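What follows is each chain in one-letter form.
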Amino acid sequence: NRLRSLLLAVLSGKAGGQLAYRFITMATGWEMGKSDFLTGVGGGNVPWLYQEFLPAWGGTQAELIYQLHSTPLQIFAEWGLLGIIAQLSVVVLLGYLLWRWFASELETPDLIISASLLCAVLGYFALSLTDYQLDNIAISGLLVVYLAVVASIFRQEALITLKYVPQLALAGFGFVVAVLIWLFPIHRAWQVSTQGFSALAKEDVEIEVFVDKLTQAHELVPWEPYYSYQLGWNLGEIALNSNDPSQREALLAQGVNWFQTGLKAGRDREFGHSNLGWLQLNQGDPAAAAQSFANSAKLVPAKRGIFYGLGLSLLGENQRELAIAAFTLEGLRNPLLMTSPLWRLPQFQGVYPQVLASAIAQCQDFLTNNSLSPKLETYLHRLQGMLFWWQGNLPEARASLEGYSTPLREVLLNISAGESVASALPSLAESSQKLVLSAWAQPEQRSQLLQEAWLQARQETIPEVRLQALVTTMANSDSFEGWLKENAPVWQYRRKRPGFPVNMRHMGGAIPSDYLQVVE
């Protein structure tokens, strides 16, 4: 089904979802293998070096993975040309054996099982073009059994000399024993870390036990950054929530040290660099934080919050112009930042107007000096137009949006020009946005309409506290535009880090979130 859906997506010209995800991982795998064409980046190194080779045009899709979702590309990335030769050799050998077998018109009781197993291997080969599951023992182990049975049936046709079988069996057994010895500290570390995570989850958090157990886990497998990252993130989290200045300072220092340790083991992790940057900012070290955020931006430049953190760091170093440039880049990728109440803080009072002006100018520069795709051109016109509207510059907003507007944008412009909300409503199709405008125009039905709007937009019931905040702030506002720009409720949250434990093949410990407190 997956292969079929991917092929249909290609034929229909739809490049989103799974197709885009796999295209990005395949492009990354190609760059990995190409970096050392003969031998690749080395077995098992794909998850550790992935973000170093991730193309910037991939945005935030497929930003963190464990494997490349294509067996040929996975092997090429890790083993280069030698891996490709090995893959082709297997295919050629199986083809040769099939030809010999059918050409000899062998009548054998093994016909059904051997033909069935070869069809199964062929089926996996087709699936492997768009997926990689050899890290799954149930699949890779079954393939080994299939190939062993086929080899046994074909042993005479393949002219295999049996005198070396005992030596080969002994070598295979030795290899298995070596793997088991190598796996022991990995599983022991997992066991020890589970005790540490249990201590952390208790109502009265046992920080010392957590640190001791996770430190043991790290010492058992120092090449894995997972335990040092969990130490760094959790200690930083406790520090930022602590009301004890001395505890906060000590835990921040430990968190920074553990993130730096994790980055030595897995240097190409935006997670490590950006979270380290936030802790360094809280330590009062903007220069170190700026370097950490810059390292993050090199790996995943489209990640929300990175350029904002870089801007804060540069502002702390009194590098005002560079800070404005960083805030501008964040705003172009993440326009909600431009309307955030954060800009009302004293530290931003002299900066915010310049950030808005810089973002508008950058949109114009792109539109004037570059050959853009239609989608990007539309995006830039709409962004620039709405930034003008946010400033209160209606003539420029209309000029920017001419030919690129939407019914909702036209309604907002008309309301700002003096038209009543009630008279603007008929031009909008039924939507959650129209329900919000209707709630403003019909105070007696405001609560019900806002509930319907929330349900339609988010597919969930609105929490009572949020509903009351919306109703109250609307009632206390003189105009819809004034409510939207000045009085609308302020909500804060933190973004979860998608797939962090799973993509490192760990199920223990917390699922980290960014330290950045998003304010909308």
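Residues numbered from 1 in each chain as written. Predicted model: local features only at pLDDT ≥ 70, side-chain atom pairs only at ≥ 80, totals over all residues. Heavy atoms only, no water.

Side note on the overall build of the chain
Along the backbone of the chain there are 23 helices and two strands. Dimensions of the chain, computed from C-alpha atoms along their principal axes, come out at roughly 95 × 60 × 45 Å. Across the 520 residues that make up the chain, the buried fraction comes to 42%. Considering only contacts within the chain whose residues lie at least 6 apart along the sequence, 59% involve residues at least 24 apart. Total accessible area computed for the chain in this model is approximately 27,300 Å², and 61% of it derives from carbon and sulfur atoms. For the chain, the separation between the mean place of its 35 positive charges and that of its 43 negative charges on side chains is 3 Å. (Helix = DSSP H or I, 4+ residues; strand = E, 2+ residues; numbered from the N terminus. Buried < 20%, exposed > 50% of the residue type's maximum accessible area, 1.4 Å probe, protein only. Contact = heavy atoms within 4.5 Å. Areas by Shrake-Rupley, 256 points an atom, 1.4 Å probe, with all protein chains shown as cover. Lys, Arg positive; Asp, Glu negative; His and termini not counted. Charge placed at Lys NZ, Arg CZ, Asp CG, Glu CD.)

Points about a nonpolar patch on the surface
On the surface, Trp30, Phe37, Leu38, Leu81, Leu82 and Ile85 cluster together into a nonpolar patch covering about 550 Å² of accessible area. Of all the elements, helix H4 (residues 71-103) adds the most residues to the nonpolar patch, at three residues. Position of leucine 82 among the secondary structure elements: in helix H4. With a relative accessible area of 47%, leucine 82 lands in the partly exposed category. (Patch = residues over 30% accessible without salt bridge, like charges linked within 9 Å, V, L, I, M, F, W, Y side chains within 5 Å. Salt bridge = Lys/Arg side-chain N within 4 Å of Asp/Glu carboxyl O.)

Looking at helix H8 (residues 207-220)
In a regular helix each residue adds 1.5 Å, so 14 residues correspond to 20 Å; H8 covers 20 Å between its end C-alpha atoms and thus fits that length. By the burial criterion, the buried members of H8 are Ile207, Phe210, Val211, Leu214, Thr215, Ala217 and His218. For H8, the angular spread of buried residues about the axis comes to 160°, placing them on one side. Residues of H8 that are exposed and point over 90 degrees away from its buried face: Glu208 and Glu219. Contact partners of the buried residues in H8: helix H7 (165-201), helix H9 (226-240) and helix H10 (245-265). (Expected span 1.5 Å × (residues − 1). Arc of directions from axis to C-beta.)

Looking at the packing of aromatic side chains
Inspection of the entire model under this criterion finds 20 aromatic pairs. Ring centres 5.7 Å apart and planes at 75° place the aromatic pair phenylalanine 37 and phenylalanine 76 in the edge-to-face group. Within this pair, whereas phenylalanine 37 is found in the loop between helix H2 (17-35) and helix H3 (46-53), its partner phenylalanine 76 is found in helix H4, the two being separated by 39 residues in sequence. Residue phenylalanine 37 is classed as partly exposed on the basis of its relative accessible area, which comes to 41%. Among the aromatic residues, those joined into a cluster by ring pairs are Trp278, Phe293, Tyr308, Phe327, Trp343, Phe348 and Tyr352. Sitting over the ring of tryptophan 389, lysine 485 keeps its end group 4.5 Å from the ring centre. (Phe/Tyr/Trp six-rings, centres within 6.5 Å; stacked < 30°, edge-to-face > 60°. Lys NZ or Arg CZ within 6 Å of the ring centre and 35° of its normal.)

Comments concerning the pattern of salt bridges
Considering all chains together, one arrives at 11 salt bridges under this definition. The partner of aspartate 131 in a salt bridge is arginine 22, and the shortest N-O contact between them spans 3.9 Å. Here aspartate 131 is found in the loop between helix H5 (111-128) and helix H6 (137-153), whereas its partner arginine 22 is found in helix H2, with 109 residues between them in sequence. With relative accessibility at 4%, the residue aspartate 131 sits in the buried group. Classification of arginine 22 as buried rests on a relative accessible area of 4%. Measuring nitrogen to oxygen at the nearest pair gives 2.7 Å for the salt bridge that ties lysine 485 to glutamate 481. Of this pair, lysine 485 and glutamate 481 are both found in helix H23 (residues 480-487), four residues apart, which corresponds to roughly one turn of the helix. A single salt-bridge network, built from bridges that share partners, covers Glu270, Arg497 and Asp514.

Regarding the environment of threonine 28
As for its position among the elements, threonine 28 is in helix H2. With 46 residues separating them along the chain, threonine 28 and glutamine 74 place their C-alpha atoms 9.9 Å apart. Apart from the residues within four sequence positions on either side, threonine 28 is in contact with Tyr50, Phe53, Leu54 and Pro55.

What about the packing of H9 against H10?
Contact geometry of H9 with H10 gives a least axis separation of 7 Å together with a crossing angle of 160°. Overall, the two elements H9 and H10 adopt an arrangement that is roughly antiparallel. As H9 runs across H10, the sense of the crossing is left-handed. Of H10, the residues touching H9 (which contributes Ser228, Tyr229, Leu231, Gly232, Trp233, Leu235, Ile238, Ala239 and Leu240) are Arg248, Leu251, Leu252, Gln254, Gly255, Trp258, Phe259, Thr261, Gly262 and Leu263. For the contact of H9 with H10, a count of residues per class yields 12 nonpolar, six polar and one charged. (Axes fitted to C-alpha atoms, helices over the stretch in contact; angles between N-to-C directions. Parallel < 35°, antiparallel > 145°, perpendicular 65-115°, else oblique. Left-handed = near helix turned anticlockwise from the far one by under 90°. Nonpolar A, V, L, I, M, F, W, Y, C, P; charged D, E, K, R; others polar.)

Remarks on the nonpolar core
In terms of nonpolar packing, the biggest core is built from 94 residues, with Phe259, Tyr308, Phe327, Trp389, Leu437 and Phe480 touching the most fellow members. Dropping the residues within four chain positions of it, phenylalanine 480 is found in contact with Leu412, Ile415, Val421, Val436, Leu437 and Trp440. Counting residues in each nonpolar core, the second largest holds 14 residues, with Met32, Leu68, Ala77 and Val300 among its members. (Core = buried A, V, L, I, M, F, W, Y, C linked by side-chain atoms within 4.5 Å.)

Some points on the packing of H9 against helix H11 (residues 270-282)
Relative orientation of the contacting elements H9 and H11 amounts to 30°, with a least axis distance of 11 Å. By the criterion of interaxial angle, the relationship of H9 to H11 is roughly parallel. The handedness of the crossing between H9 and H11 is left-handed. Side by side, H9 and H11 meet where Tyr229, Gly232, Trp233, Gly236 and Leu240 of the first sit next to Phe271, Gly272, Asn275, Leu279 and Asn282 of the second. Here the contact of H9 with H11 is composed, by residue class, of five nonpolar, five polar and no charged.

Some details on the confidence of the model for the chain
Regions with low pLDDT carry predicted coordinates that are not meant to be interpreted in detail. Of the residues in the chain, 96% have a pLDDT of 70 or more, and the chain-wide mean is 90. By mean pLDDT, helix H1 (residues 2-12) is the weakest element of the chain at 73, and helix H13 (residues 306-316) is the strongest at 97. (pLDDT = per-residue confidence, 0-100.)

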